[in-house]
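Structure assessment
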Amino acid sequence: MVGFIDKVRGFAKDEEGVSAIEYGLIAALIAVVIATTLQTTGTTLRGVFQFVNTCLTGGNCTR
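Okay, so let's go over this structure. Note that this is a predicted model, so its numbers are computed, not measured.

**Some words on the environment of Ala-35**
Within the secondary structure, Ala-35 is located in helix α2 (residues 16–56). A sequence separation of 13 residues divides Ala-35 from Glu-22, and the C-alpha atoms of the two residues are 20 Å apart.

**A look at the state of the cysteines**
Enumeration according to the criterion identifies one disulfide in this entry. Covalently, Cys-55 is tied to Cys-61 through a disulfide, its sulfur atoms 2.4 Å apart.

**A short note on a nonpolar patch on the surface**
On the surface, Tyr-23, Ile-26, Ile-30, Ile-34 and Leu-38 cluster together into a nonpolar patch covering about 560 Å² of accessible area. A residue is classified by how much of its surface remains accessible, and Ile-34, at 47% relative accessible area, is partly exposed.

What counts and what doesn't
Residues numbered from 1 in each chain as written. Predicted model: local features only at pLDDT ≥ 70, side-chain atom pairs only at ≥ 80, totals over all residues. Heavy atoms only, no water. Helix = DSSP H or I, 4+ residues; strand = E, 2+ residues; numbered from the N terminus. Disulfide = S-S within 2.5 Å. Patch = residues over 30% accessible without salt bridge, like charges linked within 9 Å, V, L, I, M, F, W, Y side chains within 5 Å. Areas by Shrake-Rupley, 256 points an atom, 1.4 Å probe, with all protein chains shown as cover. Salt bridge = Lys/Arg side-chain N within 4 Å of Asp/Glu carboxyl O. Buried < 20%, exposed > 50% of the residue type's maximum accessible area, 1.4 Å probe, protein only.

Given below as structure tokens:
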């Protein structure tokens, strides 16, 4: 029984996998930030290109 308790304590103190989990969480957070930024930028760029298209096709170019 003492050997089992020692193994459980050793497993609880083992921190080797913690780094990989932390790196995975950081990578996921970075991916969310990039996706959000690209979506916002894409929406803005769509408006700019629609305005340019309107101007080039002879539409009203005033904002």
